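Structure assessment
Residues per chain are reported as follows:
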Amino acid sequence: MKLPIFLDNHSTTPMDPRVLEAMLPYFVEKFGNAASRNHAFGWEAEEAVENARKQIAKLIHADSKEIVFTSGATESDNLALKGVIEMYHEKGNHIITSTTEHRAVLDTAKSLETKGKATVTYLSVDKYGMVNPEDVRKAITDKTVLISIMLANNEIGTINPVKEIGKIAKEKGILFHCDATQGVGKIPVNVQEMGIDLMSFSAHKIYGPKGIGVLYVRKKAPRVRIAAQMDGGGHERGMRSGTLAVPLIVGFGRACEICEQEMDAEGRKLAAMRDRLQAGIMKALEETYLNGHPTQRLPHNLNISFAYVEGESLLMGLKEIALSSGSACTSATLEPSYVLRALGVGSDLAHSSIRFGLGRFNTDEQVDYTIKRMIEIVTRLREMSPLYEMAKEGVDLKSVQWAAH
Amino acid sequence: MAYSEKVVDHYNNPRNVGSFKKDEKGVGTGMVGAPECGDVMKLQIKVEGERIVDAKFKTFGCGSAIASSSLATEWLKGKTIDEAQTIKNTDIVQELNLPPVKIHCSVLAEDAIKAALADYKKKAETETK
């Protein structure tokens, strides 16, 4: 087995060789600008882009004209929030979102708030990280113009009841934006059934290239309008100027096509691997806690807290396995994951959390190796943990007066 | 983030992991930090006469916190109480090449040393009374 092992597929994914193969002709040979309307080079590029648009639209049950290319999901989130607030400011300026959204949504909302352009309601989530649709309904005011709730969380994999939220948005005539970056290509997404008006996602999370994203913008019922945040040549129906990155778009299209064909089987395979990983670790080690929803979660996500050991020190002992931790020992604030904190997970357990993200190219052998190494390292670190020692002696750690620093 | 070689070495081969009985004669215990902050260090010294003859630690925290406390135990052994008082967090930062975001680990280690020494002195006073 080759080391290191990549188990951080929520951060990014390796590109599928089939995607690269589709992209290659569009660098040197077919280099045209898709906006060049008067020669063969341009036509060729335009045709490739339009084909990709269709492949992408098909995966989410949209029309290809509703696909707006951006540089990635962060830009899509920015464009959705800022574009809607700017376009509909006469109607209202209130946004409803949740505390566990990706920073691209939260920081954009914060920025609009700071500049006095919007007021924002941040809905709290339940202990599994799920937004309650009724909370969305209650938060709606006559000034609400946008609801922005993610499809699936990037840390804990919890899947939100998006369809119910979409229904409420429709009922109230409010636009619904969904950051679906972690969900598209992993679980079925249907913008019609889910009542989504704007949706962000990117290629590099689904075995496509980095640097390309999409904002789905509904064209009919209702026809959504957004104010462009990038001025220039008026590309993408005037919503996002800039020469289209043809090779990246071709890759995005092919990545979506593969997901569309293989998602069902792949989802089942990944869920089985994830369950094996979860059982292998949690059965062998006491005091391990699953973060996120036990069933309503992405098939490839697993987030576990290992009591009495700190996440970063765990990762340090697992140099040959690429993972992510909710510990923020490296951050200037020393604050652990805000997502886990929003679930009500204690700071101590948030510091002790590890996120496993399985992907298309992981194997059972890698999973078994990871189980073995996790058990080894957690056991070793617990042996040198004063907290574990105290717990074993029967000390209630919650009753101890700690000197916070 | 890349760790310095010395941090990796202390993490992989921590010196003096373990515990003394808290009520044992000549033992001073320092426990600093909080689980909520992601760092808790327990540092213990065993004193004979004026000299620290042994030191042990247990740490919940990142690799730099483990390395800082491991190094502290190494430095404490053989020192007198007065000499031990002079160990500064900046010495630990220098020895382990800690980056700015990890300086708090060295501060915690210094606090742990001070706490262990204070505990020892307090115990010694009550024992002589």
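Sequence positions are assigned chain by chain, starting from 1 and proceeding in written order. As they are written, the chains are lettered A onward and the ligands numbered 1 onward, keeping that order. Per-residue local features of the predicted model are confined to residues with pLDDT of at least 70, and side-chain atom pairs are confined, for both listing and counting, to 80 or more; whole-chain, interface and lining totals are unaffected and use all residues. Hydrogens and water are ignored here; the side-chain numbers use all heavy atoms of the structure.

What to know about the overall build of chain A
To be explicit about the condition: A run of DSSP states H or I qualifies as a helix once it reaches four residues; a run of E qualifies as a strand once it reaches two. Both are numbered from the N-terminal end. Each radius of gyration reported is based on C-alpha atoms, and the globular scaling rule is 2.2 Å times the count of residues to the power 0.38. Per-residue accessibility, obtained with a 1.4 Å probe over protein chains only, is compared with the maximum for each type, and a residue is labelled buried under 20%, exposed over 50%, and partly exposed between these values. Every accessible area reported is derived by Shrake-Rupley at a probe size of 1.4 Å, with residue values counting cover from the shown protein chains alone. In summary, the charge assignment counts Lys and Arg as positive and Asp and Glu as negative, without counting His or the chain termini. One atom stands in for each charge, and that atom is NZ of Lys, CZ of Arg, CG of Asp or CD of Glu.
On a plain count of helices and strands, chain A comes out with 12 helices and 13 strands. Whereas a compact globule of 405 residues would reach a radius of gyration of roughly 22 Å, chain A reaches 22 Å, a difference of no more than 12%. The C-alpha extent of chain A, read off along each of the three principal axes, is 80 × 55 × 35 Å. Within chain A, buried positions represent 59% of all 405 residues. When the accessible surface of chain A is split by element, carbon and sulfur atoms take 53% of a total near 16600 Å². The average position of the 49 basic charges and that of the 50 acidic charges among the side chains of chain A differ by 4 Å.

Structural notes on the overall build of chain B
Under the convention used in this document: Any two residues whose heavy atoms approach within 4.5 Å at even a single point are treated as in contact.
Within chain B, the regular secondary structure consists of five helices and three strands. The secondary structure elements of chain B, listed N-terminal to C-terminal, are α-β-β-β-α-α-α-α. The C-alpha radius of gyration of chain B comes to 14 Å, within 12% of the 14 Å expected for a compact globule of 129 residues. Across its three principal axes, chain B shows a C-alpha extent of roughly 50 × 30 × 20 Å. A burial count over chain B gives 53% of its 129 residues as buried. A separation of at least 24 residues holds for 62% of the contacts in chain B among residues at least 6 apart in sequence. Each charge sign in chain B was given a centre, from 19 positive and 19 negative side chains, and these centres are 3 Å apart.

Some points on the confidence of the model for chain B
All names here are of chain B. We count it as follows: Per-residue confidence from the predictor is reported as pLDDT, a score between 0 and 100.
In the predicted model, chain B carries a mean pLDDT of 94, and 98% of its residues have values of at least 70. Within chain B, strand β3 (residues 51–60) carries the highest mean pLDDT (97), whereas helix α5 (residues 103–128) carries the lowest (93). Interface scoring of the predicted complex returns ipTM 0.94; its pTM is 0.94.

Considerations on the packing of helix α4 (residues 89–96) of chain B against α5 of chain B
Residue and element names in this part refer to chain B. Note the following rule: In this analysis an axis means a line fitted to C-alpha atoms, helices contributing only their contacting stretch, and an angle means the value between N-to-C directions, from 0 to 180 degrees. The cut-offs work like this: below 35 degrees is roughly parallel, past 145 is roughly antiparallel, 65 to 115 is roughly perpendicular, and the gaps in between are oblique. Note: crossing handedness is left-handed where the near helix turns anticlockwise from the far helix by less than a right angle, and right-handed where it turns clockwise. In this classification, Asp, Glu, Lys and Arg are treated as charged, Ala, Val, Leu, Ile, Met, Phe, Trp, Tyr, Cys and Pro as nonpolar, and every other residue, Gly included, as polar.
The contact between α4 and α5 brings their axes to 8 Å, and the two run at 130°. By the angle class used here, α4 and α5 are oblique. You can see that α4 and α5 cross each other, and the crossing is right-handed. Counted together, N89, I92 and V93 of α4 and I103, S106, V107, A109 and E110 of α5 form the full contact between these two elements. Per-class residue counts for the contact of α4 with α5 are five nonpolar, two polar and one charged.

Observations regarding a nonpolar patch on the surface
All names here are of chain A. This is how the line gets drawn: Note that patches include only residues with greater than 30% relative accessible area and no salt bridge, and the join distances are 9 Å for like charges and 5 Å for nonpolar side chains (Val, Leu, Ile, Met, Phe, Trp, Tyr). What counts as a salt bridge is simple: a side-chain nitrogen of Lys or Arg found within 4 Å of a carboxyl oxygen of Asp or Glu.
Taken together, the side chains of M15, L20, L24, F27 and V28 define a hydrophobic patch exposed on the protein surface, amounting to about 470 Å² of accessible area. Within the fold, V28 resides in the loop between α1 (17–23) and α2 (40–60). By relative accessible area, which is 72% here, V28 ends up exposed.

Digging into the nonpolar core
Residues and elements named next belong to chain A. Put simply, the rule reads: For this analysis, a nonpolar core means a set of buried residues of the types Ala, Val, Leu, Ile, Met, Phe, Trp, Tyr and Cys, connected via side-chain atoms within 4.5 Å. Domain borders in the structure are assigned automatically or taken from a domain database.
Ranked by size, the top nonpolar core spans 65 residues in total, and within it I60, F69, I147, M199 and F252 carry the most contacts. Tallying contributions element by element places helix α7 (residues 246–284) first for this core, with nine residues. Both domain 1 (5–10 + 263–375) and domain 2 (17–258) contribute no fewer than three residues apiece to this core. Ignoring anything within four residues of it in the chain, the contact list for F252 reads I56, F69, F201, S202, A203, I206, P209, I212, G213 and V214.

Focus on the domain arrangement of chain A
Residues and elements named next belong to chain A. The line we're drawing: Accessible area that two parts lose when put together, evaluated with a 1.4 Å probe and summed over both, is termed the buried area. Polar contacts, as used here, are pairs of N or O atoms within 3.5 Å; protein pairs need one atom able to donate a hydrogen and one able to accept it. Residues neighboring in sequence count only if both atoms are side-chain atoms.
Under the domain assignment used here, chain A contains domain 1 (5–10 + 263–375) and domain 2 (17–258). Each of domain 1 and domain 2 has a C-alpha centre, and the two are 27 Å apart. The partner domain 2 presents 31 residues to the 25 residues of domain 1 that form the contact. Buried area between domain 1 and domain 2, summed over both chains or domains, comes out near 2400 Å², and the portion from carbon and sulfur atoms is 58%. Run the count over domain 1 and domain 2 and you get zero salt bridges. The interface formed by domain 1 and domain 2 holds 13 residue pairs in polar contact (both at pLDDT 80 or more) in total. Secondary structure elements with two or more residues in the side of domain 1 that touches domain 2: α7, β10 (301–306) and α9 (338–342). The leading source of residues in the side of domain 1 that touches domain 2 is α9, at four residues. Of the residues that constitute the side of domain 1 that touches domain 2, the class distribution is 10 nonpolar, 11 polar and four charged.

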